[in-house]
Amino acid sequence: MSVSEPYIERTVRQCLDARLVRRHTAYHVADAAELRSALEAWLGAELGGRVEIRDLVRAPGGASKENFFFRAGDRALLLRLDPGESIVETDRQREFEVLRAVEGIVPAPRVVAVDGEGSRLGRPALVMERVDGRTQPELGARTSGVGIAFEPALRESLARQFGNALVRLHRIDWRTRQLPSFDVPRANTTDAAAWTLAWWERVWEEDRLEDHPVMVIAAEWLREHLPAADRIVLVHGDYRSGNFLYDDEGRITAMLDWELAHLGDPHEDLGWVVNDLFAVRGDAGERLACGLLPREAMLADYEQATGWTIDPERLRFYEIFNNYKLAVCAHATTLRIARGEHTHLAASMSLIHAFAHLYIAALARALAIDGSGA
Amino acid sequence: MTPEPTDLLRGARRTLADVVLPALGDGFAIEQLKTVLRVLTHLEAVIDEAYPLEAAEAEDLRGLLGAVARSSDPALSALRETAGEAIAGDSVPGSLPSFRELRDANVVRKRVVSDVIRALRRSAPSAAAVEDVETRLAGLVRRQLDRERRWTRPRRTSK
């Protein structure tokens, strides 16, 4: 097995580079009234003919981009506009390409237009069709969207669709799709793990306001334990409850938040799905991964549907890596962008920062350095 | 001294909750204001803990860096001086450092601790020579996790 050098995908690197430049410029929260005419001109050019924008309002929910609902003709659409800086710095062109790649295979919003350079609205932007549905029950809704207790009557159906959609995503023959913004890690090497670790280590280095001993120990451990991926799949990167919409009949209408998608090891998504911090207790007190199925059942269903064997060591690596990635976002990026006044969600960022403790404590437990003797 | 910080926070929170929130019609603005109210509620609950928690962290960091400064292991030789500098001159008899002074000093100390961890992981130090450092590092991690839990989830009883 060849050992991979730290490498960050070309377009991810460009995105992070651009952020460092923006960090030194002023940021103004977008104004719907000011966006309208530029949006009409852009969509007119994309769709052909004159486009009239109606009902343009800021959309609630989300912790990343500036989102706006609007109507164009009889179409209900969503605009995703880059803020000054985001809890996850990602590329709209990549998001557009991956949404096109999964169209008709995984339920997801249909994309309409992308401006990866920001030449139309002043910042990179993506327009997609608005999908009906909710991310969680209205009763007992959680602000964070993490740790959702779904309606018991819908749970079984949601679990089946949630698992099937992940299987379909991982089985996509991505070589036949148009993904020019994505670099391809080599199978049977540590590329996939090394690249994704390098990405988030860079974010940690550039965003943290203070060090944390657990993060240093975790990064050292991850570098020492990089696993080889036996197959390369399209990884969602944030596949969990809270990131899909469903209707009253329990039909999943769309998987959301594809901005972290990349080519990598399927264990990365699996480790995300079974992250205990996204789990909730079921009626009998059992832990339900993503509030849907016990962890073992979730993994067994995946193995049966794909015919692939889950490697426990690789799964452990990605479970630890995923908590590292979550901690980077929550401990480092949230405060960096709130303190820099580069986000439209300053209060949310400081609140999400409080979650960092959970992710760091989970890392410490997994690495047996929390003093519990585990 | 009055008003106490919690008086100011409570006043702001009540006005936002009782007057501003009911007057809002925009869904995004309502969502954000509810988040602001959660932040204020949290801050009211933990603000009195800020200084003692930061001071306790300083104590742990000083203890660890003191052990590094005293260590004879070659793995830590390059860090001995830096560790000593990070804990020098921060105890002026009869004066209490401000919260900001404590914070800034702790940020510097934590950076040195990161270098210590890397040095320990990347070399093969003699277990006996770094025993004090390792013990203090383990204690620092354990107590820091507990402090962070108290700071972010104040209603839970600490271990």
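An account of the accompanying structure is given in this report. (Residues numbered from 1 in each chain as written. Chains lettered and ligands numbered in written order. Predicted model: local features only at pLDDT ≥ 70, side-chain atom pairs only at ≥ 80, totals over all residues. Heavy atoms only, no water.)

**A short note on the overall build of chain B**
Counting secondary structure elements, chain B contains six helices and zero strands. Overall, chain B shows an N-to-C arrangement of helices and strands of α-α-α-α-α-α. At 21 Å, chain B has a C-alpha radius of gyration far larger than the 15 Å of a compact globule built from 159 residues. Across its three principal directions, the C-alpha atoms of chain B cover 65 × 40 × 25 Å. Taking all 159 residues of chain B together, 35% fall into the buried category. In chain B, the proportion of contacts linking residues at least 24 apart, taken out of those at least 6 apart, comes to 70%. Of the side-chain charges in chain B, 26 are positive and 24 negative, and the distance between the mean point of each set is 5 Å. (Helix = DSSP H or I, 4+ residues; strand = E, 2+ residues; numbered from the N terminus. Rg over C-alpha atoms; globule rule 2.2 N^0.38 Å. Buried < 20%, exposed > 50% of the residue type's maximum accessible area, 1.4 Å probe, protein only. Contact = heavy atoms within 4.5 Å. Lys, Arg positive; Asp, Glu negative; His and termini not counted. Charge placed at Lys NZ, Arg CZ, Asp CG, Glu CD.)

**Overview of the environment of Glu 268 of chain A**
Residue and element names in this part refer to chain A. Tracing the backbone through its elements, the reader meets Glu 268 in helix α7 (residues 266–273). Given the relative accessible area of 2%, Glu 268 is considered buried. For the pair Glu 268 and Asp 238, spaced 30 residues apart in the sequence, the C-alpha separation amounts to 9.5 Å. Those residues in contact with Glu 268, other than ones at most four positions away along the chain, are Thr 196, Val 235, His 262, Tyr 318, Phe 321, Asn 322 and Lys 325.

**Quick notes on the packing of aromatic side chains**
Scanning all chains against the criterion turns up twelve aromatic pairs over all chains. A centroid spacing of 5.5 Å and a plane angle of 50° characterise the contact between Phe 162 of chain A and Phe 244 of chain A, whose relative ring orientation is tilted. Of the two residues, Phe 162 of chain A sits in helix α4 (residues 152–171) while Phe 244 of chain A sits in strand β7 (residues 244–246), which places them 82 residues apart along the sequence. This pair shows no difference in class: Phe 162 of chain A is buried, exactly as Phe 244 of chain A is. Centroid distance Trp 221 of chain A to Phe 317 of chain A: 6.3 Å. Interplanar angle 25°. Geometry classified as stacked. Highlighted residues: Trp 221 of chain A in helix α6 (residues 213–224) and Phe 317 of chain A in helix α9 (residues 312–339), separated in sequence by 96 residues. Here Trp 221 of chain A and Phe 317 of chain A have matching classes, each one buried. The ring of Phe 28 of chain B has Arg 58 of chain A lying over it, and the distance from NZ or CZ to the ring centre is 5.0 Å. The cationic tip of Arg 240 of chain A hangs over the ring face of Phe 278 of chain A; the distance from NZ or CZ to the ring centre is 5.5 Å. (Phe/Tyr/Trp six-rings, centres within 6.5 Å; stacked < 30°, edge-to-face > 60°. Lys NZ or Arg CZ within 6 Å of the ring centre and 35° of its normal.)

**Observations regarding the sheet that holds strand β11 (residues 287–289) of chain A**
The three strands lie next to each other as β10-β11-β12 (chain A), forming an open sheet whose pairing is antiparallel. On the outer flanks of this sheet lie β10 (280–281) and β12 (293–294) of chain A, each paired with one strand and no other. (Pairing = 2+ DSSP bridges.)

**Some points on the pattern of salt bridges**
For the structure shown, the criterion picks out 59 salt bridges over all chains. Three or more residues joined by partner-sharing salt bridges are found here, namely Asp 17, Arg 19, Arg 23, Glu 85, Arg 202, Glu 206 and Asp 207 of chain A. (Salt bridge = Lys/Arg side-chain N within 4 Å of Asp/Glu carboxyl O.)

**What about the interface of chain A and chain B?**
Where interface size is given, it is often the accessible area lost as the parts come together that is meant. Contact with chain A, which involves 33 residues of that partner, is made by 27 residues of chain B. Both sides of the chain A and chain B interface together cover about 2,700 Å² of buried area, and 59% of this is carbon and sulfur. The interface formed by chain A and chain B includes four salt bridges. With a closest N to O distance of 3.2 Å, Arg 121 of chain B and Glu 224 of chain A form a salt bridge. Where chain A touches chain B, the interface holds nine residue pairs in polar contact (both at pLDDT 80 or more). Top element by residues in the side of chain A that touches chain B is α6 of chain A. It accounts for eight residues. (Buried area = accessible area lost by both parts, 1.4 Å probe. Polar contact = N/O pair within 3.5 Å; in protein donor to acceptor, adjacent residues only side chain to side chain.)

**With respect to the sheet that holds strand β3 (residues 75–81) of chain A**
All names here are of chain A. Across the sheet, which stays open at both edges, the five strands sit in the order β1-β2-β3-β5-β4 with antiparallel pairing between neighbours. Each edge of the open sheet is held by one strand with a lone partner, namely β1 (53–58) and β4 (111–115). The mean angle between the axes of side-by-side strands here comes to 20°, regardless of whether they run parallel or antiparallel. Here four bridges tie β4 to strand β5 (residues 125–129), and the two strands are oriented antiparallel to one another. If you follow Val 114 over to β5, its bridge partner there is Leu 126. In this fold helix α2 (residues 32–47) packs onto β1, β2 (66–72), β3, β4 and β5, with an angle of close to 130° to the strand it touches most, β1. (Axes fitted to C-alpha atoms, helices over the stretch in contact; angles between N-to-C directions.)

**Overview of the packing of helix α10 (residues 346–353) of chain A against helix α2 (residues 27–46) of chain B**
Put simply, α10 of chain A and α2 of chain B touch, their axes get as near as 9 Å, and they point 45° apart. Judged on the interaxial angle alone, α2 of chain B and α10 of chain A are oblique. Crossing angle aside, the handedness with which α10 of chain A passes α2 of chain B is left-handed. Together, Ala 347, Ser 348, Ser 350 and Leu 351 of chain A of α10 of chain A and Gln 32, Thr 35, Val 36, Arg 38 and Val 39 of chain B of α2 of chain B make up the contact between the two elements. When the residues that make up the contact of α10 of chain A with α2 of chain B are grouped by side-chain class, the tally is four nonpolar, four polar and one charged. (Parallel < 35°, antiparallel > 145°, perpendicular 65-115°, else oblique. Left-handed = near helix turned anticlockwise from the far one by under 90°. Nonpolar A, V, L, I, M, F, W, Y, C, P; charged D, E, K, R; others polar.)

**Here's the deal with the packing of helix α11 (residues 356–366) of chain A against helix α6 (residues 131–152) of chain B**
Their axes nearest at 10 Å, the elements α11 of chain A and α6 of chain B cross at an angle of 155°. Here α6 of chain B runs roughly antiparallel to α11 of chain A, going by the angle between their axes. The chirality of how α11 of chain A crosses α6 of chain B is left-handed. Judged by residue contacts, His 357, Ile 360, Ala 361 and Ala 364 of chain A of α11 of chain A engage Leu 145, Glu 148, Arg 149 and Thr 152 of chain B from α6 of chain B. For the contact of α11 of chain A with α6 of chain B, a count of residues per class yields four nonpolar, two polar and two charged.

**Description of the state of the cysteines**
Residue and element names in this part refer to chain A. Overall, the coordinates contain zero disulfides over all chains when judged by the stated rule. The thiol of Cys 290 is not disulfide-bonded; the next cysteine sulfur, from Cys 329, is found 17 Å away. Judged by relative accessible area, Cys 290 falls into the buried class, the value being 0%. Considering cysteine sulfurs only, Cys 15 is the nearest to Cys 329, which forms no disulfide, with 13 Å between them. Taking the relative accessible area as the measure of exposure, Cys 329 reaches 10% and is therefore buried. (Disulfide = S-S within 2.5 Å.)

**Here we look at helix α8 (residues 295–306) of chain A**
With twelve residues, α8 of chain A extends 17 Å between its outermost C-alpha atoms, agreeing within 8% with the 16 Å of an ideal straight helix rising 1.5 Å per residue. For α8 of chain A, the elements touching its buried residues are α4, α7, β11, β12 and α9 of chain A. (Expected span 1.5 Å × (residues − 1).)

**Observations regarding the environment of Val 98 of chain A**
Residue and element names in this part refer to chain A. Inspection of the secondary structure assignment puts Val 98 in helix α3 (residues 92–102). The spacing of Val 98 and Asn 188 is 90 residues in sequence and 23 Å in space, taken between C-alpha atoms. Excluding anything up to four places from it in sequence, Val 98 contacts Leu 179, Phe 182, Leu 234, Trp 258 and Ala 261.

Note that all results are geometric; they support no functional claim without further evidence.
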